[in-house]
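Each chain, letter by letter, is given below.
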Amino acid sequence: MPSVTHEALVELFKNRPTLAAEMLHDALGHPVPTFTEARVESSDFTEIVPSDRRADVVVVLLVGEQQRPAMAIVVEVQLGVDPDKPYVWPVYVTQTRARHRCPTQLLVVTIDAEMARWSARPIDIGHPGWTLTPLVLGPQGVPVVTDAEQAKAAPEVAVLSAMAHGQSEAAEAIGVAFFEAAVGLDEERRAVYGDLVLSSLNAAARRRLEAMMKAGYQFQSEFARSYVAKGREEGVREGTLKTKAQAVLAVLEARGLEVPVEVRERVLSSADLDELDRWIRRAAVVSDARELLATTGS
């Protein structure tokens, strides 16, 4: 099942049809024909034989009054190793080329450097002279958007920048640029993109955004102020979850009980404050750490 991050990246390319061409040309330095319109087309490649073949996004660049296809771009978001992709990616390219009767290229998008290297491996089809080498947009290729005007002109690129570089030293500047530009977005994109940017920034960047507010810095929109406040609330909650989880483990260890890896991981990953409170009480009476997870009583 696709992850939230996967679906978010897919939506960026659907919401801004020109994004695929922009990334090919601006980020990867790959030639793109002059076009008058970029259109998202069907990405369903299901055939008569039952088969779930669907690319993430297919964008067709159109030219002239006749809206003739000049080039098609198959966009695939890749966040983990998938041994099936070297077999289905060539299918996506050839079927898109046959459907739209135009040159077709494969653009793989990832926010992980290791996955970028994996995705860029040439795919030997087996026929002499036929090798597909995916064009890969990894974190190094994504521009660092720290200018509000640039973010306003291309908000999807700004969000992509946050997802790729939100853990870097530029995180704060990226966040400020996006929130300054967000006032020009429609309500739905403001909400979705704001969540993506905020969740992509490192904790230090979120804290600095909050400090800027306290120091009197005024963002252009109420939207930005509300998201900084939201980040503060989430930070407090995350701190409480961590403290309670550590308390559960501390009680077990203080009683001399061995804490298996699976129990430790389950406790530290809990996002339920009530559950952690129950576990703290149970940790004081169980005879085996595994009983902590096996019981629902208080």
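Residues numbered from 1 in each chain as written. Predicted model: local features only at pLDDT ≥ 70, side-chain atom pairs only at ≥ 80, totals over all residues. Heavy atoms only, no water.

> Please clarify how a negative patch on the surface should be interpreted in this entry.
A cluster of acidic residues, Glu7, Glu11, Glu187 and Glu188, forms a negative patch at the surface. With respect to the helices, strands and loops of the structure, Glu11 is situated in helix 1 (residues 4-15). For Glu11, a relative accessible area of 34% gives the class partly exposed. (Patch = residues over 30% accessible without salt bridge, like charges linked within 9 Å, V, L, I, M, F, W, Y side chains within 5 Å. Areas by Shrake-Rupley, 256 points an atom, 1.4 Å probe, with all protein chains shown as cover. Salt bridge = Lys/Arg side-chain N within 4 Å of Asp/Glu carboxyl O. Lys, Arg positive; Asp, Glu negative; His and termini not counted. Charge placed at Lys NZ, Arg CZ, Asp CG, Glu CD. Helix = DSSP H or I, 4+ residues; strand = E, 2+ residues; numbered from the N terminus. Buried < 20%, exposed > 50% of the residue type's maximum accessible area, 1.4 Å probe, protein only.)

> What's the story with the pattern of salt bridges in this structure? I'm lost.
Oppositely charged side chains may form a pair once their charged atoms are brought near each other. Applying the stated criterion across every chain yields a total of eleven salt bridges. Measuring nitrogen to oxygen at the nearest pair gives 3.9 Å for the salt bridge that ties Arg16 to Glu156. In this pair, Arg16 sits in the loop between helix 1 and helix 2 (19-27) while Glu156 sits in helix 6 (residues 155-165), placing the two residues 140 residues apart along the sequence. Judged on exposure class, the residue Arg16 and its partner Glu156 are both buried. Beyond isolated ion pairs, a larger network of salt bridges with shared partners links Arg16, Glu22, Glu156, Asp186 and Arg189.

> It is not clear to me how unusual backbone geometry should be interpreted in this structure. Could you clarify?
Where the residue is not glycine, phi is negative for most of them; where a peptide bond is considered, it is trans in most cases. A positive phi angle, close to 55°, is found at Gln67, a residue other than glycine. Here Gln67 is to be found in the loop between strand 2 (57-63) and strand 3 (68-77). On the basis of relative accessible area, Gln67 is assigned to the partly exposed category, the value being 26%.

> Teacher, can you tell me more about the sheet that holds strand 1 (residues 37-41) here?
Two strands in a sheet stick together by hydrogen bonds in their backbones, pointing the same way (parallel) or opposite ways (antiparallel). Within the open sheet, the five strands sit side by side as 1-2-3-4-7. Their pairing is mixed. Every interior strand has two partners, whereas the edge strands, strand 1 and strand 7 (135-137), have only one. Looking at each pair of strands side by side, their axes are set apart by 30° on average, direction ignored. Sheet analysis places strand 1 next to strand 2, joined by five bridges and oriented antiparallel. Bridge pairing in strand 2 places Arg39 opposite Val60. Against the sheet, helix 1 engages strand 1, strand 2, strand 3 and strand 4 (104-109), with an angle of about 165° to strand 3. Packing against the sheet, helix 2 makes contact with strand 2, strand 3, strand 4 and strand 7, and its axis sits at approximately 85° to strand 3. (Pairing = 2+ DSSP bridges. Axes fitted to C-alpha atoms, helices over the stretch in contact; angles between N-to-C directions. Contact = heavy atoms within 4.5 Å.)

> In this structure, what is going on with the nonpolar core? I would like to understand it.
Side chains of nonpolar character tend, in soluble globular proteins, to be buried together. With 48 residues, the main nonpolar core has Leu12, Phe13, Leu61, Ile73, Leu107, Val159 and Phe178 as its most contacted residues. Ignoring any residue separated from it by four or fewer positions in sequence, one finds Leu12 in contact with Leu19, Glu156, Val159, Leu160, Met163 and Tyr193. Counting residues in each nonpolar core, the second largest holds 19 residues, with Val60, Cys102, Met115 and Val136 among its members. (Core = buried A, V, L, I, M, F, W, Y, C linked by side-chain atoms within 4.5 Å.)

> Can you walk me through the packing of helix 2 against helix 6 in this structure?
Each pair of packed helices can be described by the angle between their axes along with the distance between the axes. The interhelical angle for the contact between helix 2 and helix 6, taken along N-to-C directions, is 65°, at an axis separation of 11 Å. The two elements helix 2 and helix 6 cross, and the hand of that crossing is right-handed. Where helix 2 abuts helix 6, its residues Leu19, Glu22 and Met23 lie against Glu156, Val157 and Leu160. Classifying every residue of the contact of helix 2 with helix 6 gives four nonpolar, no polar and two charged. (Left-handed = near helix turned anticlockwise from the far one by under 90°. Nonpolar A, V, L, I, M, F, W, Y, C, P; charged D, E, K, R; others polar.)

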